Amino acid sequence: MEDWEARAERMVLSQIEARGIRDENILEAFRNVPRHLFVPEGLRKWAYDDNPLPLGNGQTISQPYMVALMTSRLDVVAGMKVLEVGTGSGYQAAILARMGAEVYSIERIASLARSASLLLKELGYPVKVRYGDGRLGLPEEAPFDRIIVTAVAPSVPSALMEQCALDARLVIPLGFPDGTERLLTRIKKGERFKDEWGEYCRFVSLLEGTVE
Ligand code: SAH
């Protein structure tokens, strides 16, 4: 099989750059993070394909383009403090860390939090993974310059809005009663928030509480 760097490069060219994401910091991160290590062993040969993959526990690692799109909406600059809700495999967190962000990531399923934390450490990404209900954010580390939620909710959890720094951006998929889901970028301007609506999408649900 072709080596992973070549597969990652092809993924960047045909799935990410070709769809309009040109930010070199983002593209560089996707070339350098070994996505195959974040998917279950039996699925590695599909790791760089143009679709999401199951992680077990009913959860999924998002399609590479969706990770890139959300990263681009987040508008991350090195040194920013970023909170991710929904660690899953840890892939999105690794991309953000590779871009130089200081990343905190919360996961509600203990086994996923543990395995993502171990893998990120092994690969040298300094992500702080926390086990808990990310709907509550991480008050002890707030405020955050950027917040990304990688699970779908009916509305933006109020704790997350409260933990936004000045000029913060929050990216989250919101779900509507008719079953559609759409990416929302909420930007803090002074005491107010401005909303920008993006693409339709499909995510697993943001759930209450934790799973041992
Ligand atoms: N960002 C992940 C993909 C996440 S899938 C990646 O790159 O692989 C969504 C994840 O959100 C799942 O692991 C799910 O368990 C988690 N999740 C759902 N509700 C949550 C909550 N309230 N707090 C923290 N994590 C949550």
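Quick note: structure is the one above.
Quick caveat, the model's predicted, so the values are computed rather than measured.

1. Thoughts on the overall build of the protein
The helix and strand tally for the protein stands at six helices and nine strands. Here the contacts in the protein between residues at least 6 apart in sequence split such that 53% fall between residues at least 24 apart. For the protein, the computed accessible surface area is about 9,900 Å², with 50% contributed by carbon and sulfur atoms. Separation of charge centres in the protein, based on 26 positive and 30 negative side chains, amounts to 2 Å.

2. Quick notes on the sheet that holds strand β6 (residues 144-149)
Spatially, the seven strands line up as an open sheet ordered β5-β4-β3-β6-β7-β8-β9, and their pairing is mixed. Lying at the two open borders of the sheet, with one neighbouring strand each, are β5 (128-131) and β9 (192-200). Across this sheet, the average inter-strand angle for adjacent strands is 15 degrees, counted without regard to direction. Alignment of strand β7 (residues 164-175) against strand β8 (residues 181-189), held across seven bridges, turns out to be antiparallel. From the neighbouring strand, Pro173 faces β8, where its bridge partner is Leu183. Where helix α5 (residues 110-122) meets the sheet, it contacts β4 (102-107) and β5, and its direction lies at approximately 170 degrees from that of β5.

3. Considering the nonpolar core
Of all hydrophobic cores here, the largest spans 48 residues; its most connected members are Phe30 and Tyr91. Those elements that provide at least two residues to this core are α1 (4-16), α2 (24-32), β1 (53-56), α3 (64-74), α4 (91-98) and α5. With seven residues, α3 is the largest single contributor of residues to this core. Filtering out sequence-adjacent residues up to four positions away, Phe30 remains in contact with Ala8, Met11, Val12, Ile16, Pro64, Val67, Ala68, Tyr91 and Ile95. In terms of nonpolar packing, the next biggest core, distinct from the first, is built from 19 residues, Leu138, Ile147, Ala151 and Ile172 among them.

4. Description of the packing of aromatic side chains
Inspection of the entire model under this criterion finds four aromatic pairs. Connected via pairs of aromatic rings, a cluster forms that spans Phe30, Phe38 and Tyr91. Between the NZ or CZ atom of Arg19 and the centre of the ring of Tyr65, over which it lies, the distance is 5.1 Å. A cation over a ring is seen here: Lys81 above Phe144, with NZ or CZ 5.8 Å from the ring centre.

5. Here we look at the site of the ligand
By nearness alone, 25 residues border the ligand, and Ser89, Glu107, Asp133, Gly134 and Leu207 come closest of all. At 2.6 Å, a side-chain N or O of Glu107 approaches an oxygen atom of the ligand. At 2.8 Å from a nitrogen atom of the ligand is found a main-chain nitrogen or oxygen belonging to Gly134. For the ligand, the accessible surface in isolation is 580 Å², of which the surrounding protein chains cover 99%. Elements with a contribution of two residues or more to the shell around the ligand: β2 (59-61), α4 and β4. Considering every element that reaches the shell around the ligand, the biggest residue donor is β2, with three residues.

The rules we used
Residues numbered from 1 in each chain as written. Predicted model: local features only at pLDDT ≥ 70, side-chain atom pairs only at ≥ 80, totals over all residues. Heavy atoms only, no water. Helix = DSSP H or I, 4+ residues; strand = E, 2+ residues; numbered from the N terminus. Contact = heavy atoms within 4.5 Å. Areas by Shrake-Rupley, 256 points an atom, 1.4 Å probe, with all protein chains shown as cover. Lys, Arg positive; Asp, Glu negative; His and termini not counted. Charge placed at Lys NZ, Arg CZ, Asp CG, Glu CD. Pairing = 2+ DSSP bridges. Axes fitted to C-alpha atoms, helices over the stretch in contact; angles between N-to-C directions. Core = buried A, V, L, I, M, F, W, Y, C linked by side-chain atoms within 4.5 Å. Buried < 20%, exposed > 50% of the residue type's maximum accessible area, 1.4 Å probe, protein only. Phe/Tyr/Trp six-rings, centres within 6.5 Å; stacked < 30°, edge-to-face > 60°. Lys NZ or Arg CZ within 6 Å of the ring centre and 35° of its normal. Near = heavy atom within 4 Å. Polar contact = N/O pair within 3.5 Å; in protein donor to acceptor, adjacent residues only side chain to side chain.

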